[in-house]
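So the chains spell out like this:
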Amino acid sequence: MASGKSPHAPSWLWVLAPFMASAALLPSYPVIGSGNGLTWSAPWVPGLGFQYALRLDGLSFLFAMLISGIGLLIFIYARTYMAGEPGRVRFFSWLTVFMASMLGLVLSDDVLLLFVCWELTSVSSYFLIGHRHREEGSRAAAHQALMVTGIGGLALLCGLLILSSITGTTRLSEMAGAPGLLGNPLTPAAVVLILAGCCTKSAQWPFHFWLPNAMAAPTPVSAYLHSSTMVKAGVYLALRCHPILSGAPGWGCALAWLGAATALAGTVSALRERDMKRQLAYLTVGALGTLMLLIGLGSEKALQAVVVYLVAHALYKGSLFMLVGGVDHATGTRDASELGGLRKVMPITAGCAMAAAVSLAGAPPSMGFIGKESLLGVVWPATPDRLYALVAYLSGTIMAALALWVALRPFWGPTGKASAKAHESAWSLLCGPVVLSVGSILPALVPGSVEGLLSAAASSALGRSTHVHLSLWHGWGPPLWIGLAALATGWALYGIARRKDAPVLRADFPGPGPEALYTACMKALPEAAARVTLCTQADRLRDAIRTFVVVLTLAVGGTLAVRGPWPALGSIAAHPHEIWICVLIIVTAIAAIRLAERFAIVAVLGATGLGVTMIFVLYGAPDLAMTQFAVETLTVILLALVLHRFSMLETGRSSSGQRAVDLFVASCLGVLMWALASVALHGRQGLSASSQYFSETSLVSAHGRNIVNVIIVDFRGIDTMGEITVLAVAGIGVYALLKARLPKDGQR
Amino acid sequence: MSPLILRTASDLLRPLLLLFSIFLLLRGHQEPGGGFVGGLIAACAYVLHAIAYDVAGARRALSIDPKTLTGTGLAVALSSALLSVTLGKDLMTGVWGKAELPFFGPLELGTPMIFDVGVYLVVMGTVLTVFLELRGD
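Residues numbered from 1 in each chain as written. Chains lettered and ligands numbered in written order. Predicted model: local features only at pLDDT ≥ 70, side-chain atom pairs only at ≥ 80, totals over all residues.

This part takes up the overall build of chain B. When you go through chain B residue by residue, the secondary structure sums to five helices and two strands. Counted from the first residue to the last, chain B has its helices and strands arranged as α-α-α-α-β-β-α. Overall, the C-alpha framework of chain B stretches about 60 × 35 × 20 Å when taken along its three principal axes. For chain B, the proportion of its 137 residues judged to be buried stands at 44%. Considering only residue pairs separated by 6 or more positions, chain B has 64% of its internal contacts joining residues 24 or more positions apart. (Helix = DSSP H or I, 4+ residues; strand = E, 2+ residues; numbered from the N terminus. Buried ≥ 20, exposed ≤ 12 C-beta atoms within 10 Å, placed from the backbone. Contact = placed C-beta atoms within 7 Å.)

See below:
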């Protein structure tokens, strides 16, 4: 691509897209903040009730601001990060497509529009993960992410359609509180399907494995799609559906359990990794699990905690990814144990990493701390939820340990072997992390700055007005003790990791997971498909034709036998010349079976065809006769050419048993054709309804007397369009096969 | 061996076959005929030429790549289908116009006939693509 060779292309233009998106969104904040929503719609498929319906309320606004705001920082970052790479135009195009579809996802109010945007984010994610498409690992990761999120997307489509058929509307905003939704027997199916969509997209256990693998993408993509925005689409949808489905059986319970399992599986898996990007990715899985857990609990306080935790996570995780990318750029490694002492050469990077890590660890004073305190404040007081408090404690411990690992290990201690030639990142690589790191700390100190935004979002998710109160001090109590305990054990865990200077857990802990199952399925699928194909579409043309004839005979003959009418043995007044033609057809057909040389067989088959043509002539179908005549002529010529070119002049005789089977199958088809002809000749009197229609309207509305041709080019024109397209494609296919074939007259 | 009779016949028959194919194409809407059979017969004209002379000669006589004919045919058929959309009607609605020709009298022309021209070109192009490639050189 030319873009790779022109580093001076006006890449600032790309930055305009997120900038304008943010600028367009901001002025609507006063409306949103006052608890109202903006809607806009235009007809799409009016017959089915689908609309381009957009709706901007508190929840959409929060997500849209994260998407366009972090997008702006990411685009600035990526301009420098991707400077030396080929295919930058492709990269930025897909990044822009992603941003647009993600904005569409959070703004759409119509279920089908939401689904289309949902799929577009999966597709753009596929191309962005696979950006370095010459690397095997990138391609495999892109494919895996697309398969997992794509299958979930299909489930989501079914779920949303069920939901809209139950509620009688395609607008999400009108579904909440629809009568009969909760009692409907189909609602559980919709719940399961929508959950499948949310859980695949937001990397919930057991579908979480695609997210760490997606780290094969360039770092801006990891920071943007796979930590801040796209993976939150599932969380967004769960929040969006919460007012609709929170009363449905299984919704809250399933979300809470899946979320808790994900929070544990994600954070524990992070302890196996060496690569800082993969560590952060697993922590993202853990954080997404925590968010789902909170949505599952579903109380007012829980939803308040969701928005706080969500914003905190988007800020610190985006920052940390960009910082790791900067370190990777400067030193060539993302393994923290090979680094050390970088704070002397990369002071700003080190400072930002510390600030973001404070938030990741959930230590005061940061948004992460408030988020964790809110989480513990939700799960601790209610006795049945205390098990979740244990989950929160364990995941908090691991997050704290890895926050220390990521923020301290590369920057402190003696200079590591890969740190020697390091240098501070350019300002464009730093402005994103600086803004996001400051954003992780500052709102915790000035709570009033974001409370309105968060309250509006929580109100939309809850379905009624609520106020999010941010405070660093929640008073003495178990949530604070648990939070501090998690920090303390996290510090201890970091100590263990520091002493080993390697991942705490073995790489294969705890044995094969869901990914192994996925890989096995992906391997078994093509094999099973190949076996089925081999059964139905045999290698040899002779076997394929036999399958075809048997299916045709059974299907048509069976229908005829069940539905009638039975063929009648009426007599047909035949002229002598008609009888002669029939004799010609029969004799040539028998000759075709008896002859041994293929050229001769082709020739007598041509004669059979001409006999049939004569019958068309006699029975008043000149169109058919002409076409049949031309087709027969060309078929004989083409068949002869094929036989000659591929040296297939000799026939191999089949075994006598095989011939008996073939004779039986062919006879059955012959009898069926006789029965059909007999039914057609004797069974029906006068014109059929469709013939009547065509003969009446052909001249009047289609300006043609030749009904056959008018049907072909006008009444059934779309069919013909499809047919000539198939014909053209088949022709090109034959051409390609002939071109690809080895020597001109050679054997295979 | 030079098949003199075949070559002479081919030279005489080719223009006749082509003329006949166009005749069939144009009358198809009113009388037996149409784009499909017209395309087949037009292809026959060049098949005959390729058998009487050689493939290179047939390609020269055709003077256009048969694959191009196929593509052009598809484009013609599609554009005839789209014409009604530009006029605000449903896809493939027939659009008809009348013209008074000096010698032939009134002539009705419509998008289905243009569609038939597309069919003609696709059939001719596809048959010739396969035939000329199979026959080799």
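The subject of this paragraph is the overall build of chain A. A tally of helices and strands in chain A yields 29 helices and two strands. For 748 residues, the compact-globule formula gives about 27 Å, and the C-alpha radius of gyration of chain A, at 35 Å, lies well above that figure. Judged by the C-alpha coordinates and their principal axes, chain A covers about 110 × 60 × 50 Å. Sequence-distant contacts in chain A: of pairs separated by 6 or more residues, those separated by 24 or more amount to 77%. (Rg over C-alpha atoms; globule rule 2.2 N^0.38 Å.)

Bringing the interface of chain A and chain B into the picture now. Across the contact, 36 residues belong to chain A and 39 residues belong to chain B. Contributing elements (two or more residues each) for the side of chain A that touches chain B: helix 25 (622-645), helix 28 (707-715) and helix 29 (717-740) of chain A. With 13 residues, the top contributor of residues to the side of chain A that touches chain B is helix 25 of chain A. Across the side of chain A that touches chain B, the residue classes tally to 21 nonpolar, 10 polar and five charged. (Nonpolar A, V, L, I, M, F, W, Y, C, P; charged D, E, K, R; others polar.)

We now examine the domain arrangement of chain A. Frequently, the measure chosen for interface size is the accessible area removed from exposure when the parts meet. The assigned domain composition of chain A is domain 1 (20-249) and domain 2 (253-505). Taken together, the contacts link 42 residues of domain 1 of chain A with 48 residues of domain 2 of chain A. (Domains from an automatic or database assignment.)

Bringing the packing of helix 3 (residues 58-81) of chain A against helix 18 (residues 427-445) of chain A into the picture now. Residues and elements named next belong to chain A. The geometry of helix 3 relative to helix 18 is characterised by a closest axis approach of 7 Å and an angle of 155 degrees between their N-to-C directions. As far as their axial angle goes, helix 18 and helix 3 are roughly antiparallel. Read as a crossing pair, helix 3 and helix 18 show a hand that is left-handed. When helix 3 is examined against helix 18, the residues Leu73, Ile74, Ile76, Tyr77, Arg79, Thr80 and Tyr81 are found in contact with a partner set consisting of Ser428, Leu429, Cys431, Gly432, Val435 and Leu436. Of the residues in the contact of helix 3 with helix 18, the class split is nine nonpolar, three polar and one charged. (Axes fitted to C-alpha atoms, helices over the stretch in contact; angles between N-to-C directions. Parallel < 35°, antiparallel > 145°, perpendicular 65-115°, else oblique. Left-handed = near helix turned anticlockwise from the far one by under 90°.)

Residue and element names in this part refer to chain A. That bond from Trp205 to Pro206 is cis: its omega, 5 degrees, falls within 30 degrees of zero. Note on placement: Pro206 falls in the loop between helix 8 (187-201) and helix 9 (210-213). Even without glycine at this site, Ala203 takes up a positive phi of about 50 degrees. Assignment of secondary structure puts Ala203 in the loop between helix 8 and helix 9.

With that out of the way, let us pick up the confidence of the model for chain B. Residue and element names in this part refer to chain B. Across chain B, pLDDT averages 88, with 96% of residues at or above 70. The secondary-structure element of chain B with the lowest mean pLDDT is strand 2 (residues 105-110), recorded at 74, while helix 2 (residues 35-52) shows the highest, at 93. Confidence metrics for the complex model read pTM 0.74 and ipTM 0.91. (pLDDT = per-residue confidence, 0-100.)

Core analysis: the biggest nonpolar cluster contains 189 residues, and Leu294(A), Val306(A) and Val308(A) have the highest contact counts within it. A total of 20 residues in this core trace back to one element, the largest contributor, which is helix 14 (residues 300-331) of chain A. Residue contributions to this core reach at least three from each of two domains, namely domain 1 (20-249) and domain 2 (253-505) of chain A. Setting aside residues up to four positions removed in sequence, Val306(A) forms contacts with Leu239(A), Leu291(A), Leu294(A) and Ile295(A). Counting 50 residues, the second-largest nonpolar core is a separate cluster that includes Val37(B), Ala42(B), Tyr46(B) and Ala77(B). (Core = buried A, V, L, I, M, F, W, Y, C linked by C-beta atoms within 7 Å.)

This part covers the confidence of the model for chain A. Reading predicted coordinates in detail is not appropriate for stretches of low pLDDT. Residues and elements named next belong to chain A. When pLDDT is averaged across chain A, the result is 87; 95% of the residues are at 70 or more. Taken element by element, chain A is modelled with least confidence in helix 27 (residues 689-702), mean pLDDT 79, and with most confidence in helix 5 (residues 111-129), mean pLDDT 94. Below a pLDDT of 50 lies the segment residues 1-8, which in the model reaches 12 contacts outside its immediate sequence neighbourhood of four places, other chains included.

All names here are of chain A. At a minimum axis separation of 8 Å, helix 23 (residues 576-594) and helix 24 (residues 598-618) run at an interaxial angle of 155 degrees. By the criterion of interaxial angle, the relationship of helix 23 to helix 24 is roughly antiparallel. The interaxial crossing formed by helix 23 with helix 24 has left-handed handedness. Residues Glu578, Ile581, Leu584, Ile585, Thr588, Ala589, Ala591 and Ala592 of helix 23 touch helix 24, and the partners they reach there are Ile601, Val604, Leu605, Ala607, Thr608, Gly611, Val612, Met614, Ile615 and Leu618. In terms of residue class, the contact of helix 23 with helix 24 is made up of 14 nonpolar, three polar and one charged.

Time to look at the environment of Trp210(A). Residues and elements named next belong to chain A. By the secondary structure assignment, Trp210 is in helix 9. Residue classification places Trp210 among the buried positions, given that 24 C-beta atoms sit within 10 Å. Here the alpha-carbon distance between Trp210 and Leu146, two residues 64 residues apart in the chain, equals 8.9 Å. When near neighbours in sequence (up to four residues on either side) are disregarded, Trp210 contacts Gln144, Ala145, Val148 and Ala203.

Residue and element names in this part refer to chain A. Among the eight residues in strand 1 (residues 38-45), zero count as buried, and that is only a small part of the element. When strand 1 meets strand 2 (residues 50-56), the two strands line up antiparallel, connected through seven bridges. Looking at strand 2, one finds that Pro43 is bridged to Gln51. (Pairing = 2+ DSSP bridges.)

Residues and elements named next belong to chain A. Within the element layout of this structure, Ala350 appears in helix 15 (residues 347-361). Along the primary structure Ala350 and Val406 are separated by 56 residues, whereas in three dimensions their C-alpha atoms are 10.0 Å apart. Residues in contact with Ala350, not counting those within four places in the same chain, are Leu342, Arg343 and Phe411.

With 21 residues, helix 4 (residues 66-86) of chain B extends 30 Å from end C-alpha to end C-alpha; this agrees with the ideal 30 Å at 1.5 Å per step. Within the span of helix 4 of chain B, buried status applies to Pro66(B), Leu69(B), Thr70(B), Gly73(B), Leu74(B), Ala77(B), Ser80(B) and Ala81(B). Where helix 4 of chain B is buried, its residues meet helix 29 of chain A together with helix 3 (55-62) and helix 5 (111-135) of chain B. In the segment just after helix 4 of chain B, Gly88(B) is the residue with positive phi, at about 85 degrees. (Expected span 1.5 Å × (residues − 1).)

Before going further, it helps to examine the environment of Pro243(A). Residues and elements named next belong to chain A. Structurally, the position occupied by Pro243 is in helix 11 (residues 233-245). Given 18 C-beta atoms within 10 Å, Pro243 falls into the partly exposed group. Not counting residues within four places of it along the chain, the set of residues in contact with Pro243 comprises Ala176 and Gly463.

A separate point is helix 1 (residues 12-25) of chain A. Residues and elements named next belong to chain A. For helix 1, spanning 14 residues, the distance from its first C-alpha to its last is 21 Å, which sits close to the expected 20 Å at 1.5 Å a residue. Among the residues making up helix 1, those that are buried are Trp14, Pro18, Ala21 and Leu25. On its buried face, helix 1 sits against helix 3 and helix 4 (88-107).

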